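Fold and contact review
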Amino acid sequence: MANRASTYTQVSATSDPDRPKSADAKKDLWLTLLDGVSSGKRLPEKNVLVLGGTTDSQREFLEALSSEDTRKSDRQSSKQPPTANNFALGYTYHDVLDADHEDILARLSLYLLADPSPSFTPLLQPLLTPETIPNTLIVILLDWSQPWFWLRQMRDWIQLLRTLLVSLDVDCKDKMEEVMNSWRDRGRGGNNLDGTTSGNTDGDVSLPLGPGEWEEGLGLPLCVVCQNSDQIESLEKERAWKEEEFDFILQFLRTILLKHGASLIYTIPSVASPLQSLIHSSLGIHSLLKRQPLKHNVIDRDKVAVPPNWDSWGKIRVLRDGFDVEAINKGWSLDIEESPSRPSTGTGRGDEVPKRKGGAVEAYEEQIRDPSLDALQAATAESNGMKLEISSQDTQTFLGTQVEVLDKIRQGNDASGMDSSRLITGRNVSSPSMEAGDEVGGSEEGRVSEHIGPVQFNMGGIQVDADDMLQRLKDRQTYQTPEPTSPGTTSGDGKSSQNEALASFFAGLMKRGGNSAASSPKPGSS
């Protein structure tokens, strides 16, 4: 019994300290499970640096990026996150939903900066760390309302990014080099743009880079968004632009972005576009329920979409002959070199930075001219006596001068009375019997007569010229030969009275108008 008791006590003694250990093991197991579940539900964080544009254009970009994701069911409806982009570096966030709008695939943190001033570089440095660099995308906004500023804006932003990325530490630079090496293979061979691998290839197939590709990698993926492409029609109508100008701009942008491995897209407000697919694919966000392949489009001039690693010099030359890709490629390398004494403009246009000779900015602005500069040159030429346009007289001023002319004519008619000879003289500019005092009024009246033409009336289906009829009657009276005196001399007096009646009849018609023709005395009725 003693041995049994000792064995029991020994077993019980050894089992007591094991009980808390098993409880701790169970607790650790639950912590591990909970951590796994929480990490599985943790949203992937993606960062987007939105550079350029105004506060309104930045909001339009955010609306276009979240247009489909805002169509949620009633149970998931919530307020839109606020957008703070009025001062310096703005911020907002956006949840990317799955195709069924049930699950959240990722959360986008969008940082907004509208001014390329180097003084804002310290605000962007904390956003780039070895952890955030693989999940960061840079977006540059351009606007079709002012395409003549695009190259200057692009140059300022690229210079700012080069200054920012060079100032990072060694770990960040190594991570950016790793990101760029992976980005060169995206969209090539068997690799998709979102980083996944297509299943129709055998092994790793890496295509070599063509000329002009990835010569100036920034360390981060870049996307250029040209907003309000519906302004293309306005440029056609108001600026008389043709297809040559639009093709030139597209070739220029594609050549420049090819050096940085960037993508390009044109957008129209409230019109569906592949912007979401391009941004999500660039950040590695893909839905398992609905996969939308990103297709290129360089045919529709207002719906252009050029994915990264798709373009080449050969494709750019096909758009329009005569475009010197090599010269633009070299000129852009000169333009983006950091100037040693580059001032802070604060305008986003880089107006104070001089253009480099032989640079791409100079070649672009020679073809795509700023209308304000053309207006300034026209004003300067006009001040020097070289007037290109003739300004028309104001309508009210012109009508006021015509009122004075009509008053003079009316005064002349009142002074002449109903005498048909004076009426004919007033209407005839070249009449030698015009008095010296009536020369001004007669000349003005003659001008009016030249414009309105002769006074004509319709009598019994016959068109009668009143001026011509009066002149004939006058000539008939003047040159009529008198007949010899005889007992039948009353016939000559009758003819003269008949001519006078006709003259007074036509004079009355000219004064009162065609409506009084019916009430006028008939010829020969007296």
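Heads up: these notes are all about the structure in this document. (Residues numbered from 1 in each chain as written. Predicted model: local features only at pLDDT ≥ 70, side-chain atom pairs only at ≥ 80, totals over all residues. Heavy atoms only, no water.)

We now examine the overall build of the chain. Of regular secondary structure, the chain possesses 18 helices and nine strands. Considering the chain as a whole, with its 526 residues, one finds that 37% of them fall into the buried category. Intrachain contacts of the chain at a sequence separation of at least 6 include 72% that bridge at least 24 residues. Put simply, the chain shows about 30900 Å² of open surface, and 52% of that area lies on carbon and sulfur atoms. (Helix = DSSP H or I, 4+ residues; strand = E, 2+ residues; numbered from the N terminus. Buried < 20%, exposed > 50% of the residue type's maximum accessible area, 1.4 Å probe, protein only. Contact = heavy atoms within 4.5 Å. Areas by Shrake-Rupley, 256 points an atom, 1.4 Å probe, with all protein chains shown as cover.)

Another point: a nonpolar patch on the surface. A cluster of nonpolar side chains, Leu29, Trp30 and Leu33, forms an exposed patch at the surface whose accessible area comes to about 360 Å². Along the chain, the position of Leu29 falls in helix α2 (residues 18-41). (Patch = residues over 30% accessible without salt bridge, like charges linked within 9 Å, V, L, I, M, F, W, Y side chains within 5 Å. Salt bridge = Lys/Arg side-chain N within 4 Å of Asp/Glu carboxyl O.)

Burial along strand β6 (residues 263-266) is two-sided: the residues Ser263 and Ile265 and Leu264 and Tyr266 are all buried. For β6 and strand β7 (residues 305-306), the ladder comprises two bridges, and the chain directions are antiparallel. Paired with Ile265 across the strands is Ala305, a residue of β7. (Pairing = 2+ DSSP bridges.)

Let us now look at the packing of aromatic side chains. By the definition in use, this model includes eleven aromatic pairs. Seen from their ring centres, Phe248 and Tyr364 are 6.3 Å apart, and the 20 degrees between their planes marks the pair as stacked. Remark: Tyr364 occurs in helix α12 (residues 360-367) and Phe248 occurs in helix α8 (residues 243-260); sequence separation between them is 116 residues. A relative accessible area of 16% means that Phe248 is categorised as buried. Grouped by ring-pair contacts, the aromatic residues Trp144, Trp148, Trp150, Trp241, Phe246 and Tyr266 constitute a single cluster. Arg301 extends its terminal NZ or CZ atom over the ring of Phe246, reaching a point 5.2 Å from the ring centre. Above the plane of the ring of Trp310 lies Lys315, whose end atom (NZ or CZ) is 4.0 Å from the centre. (Phe/Tyr/Trp six-rings, centres within 6.5 Å; stacked < 30°, edge-to-face > 60°. Lys NZ or Arg CZ within 6 Å of the ring centre and 35° of its normal.)

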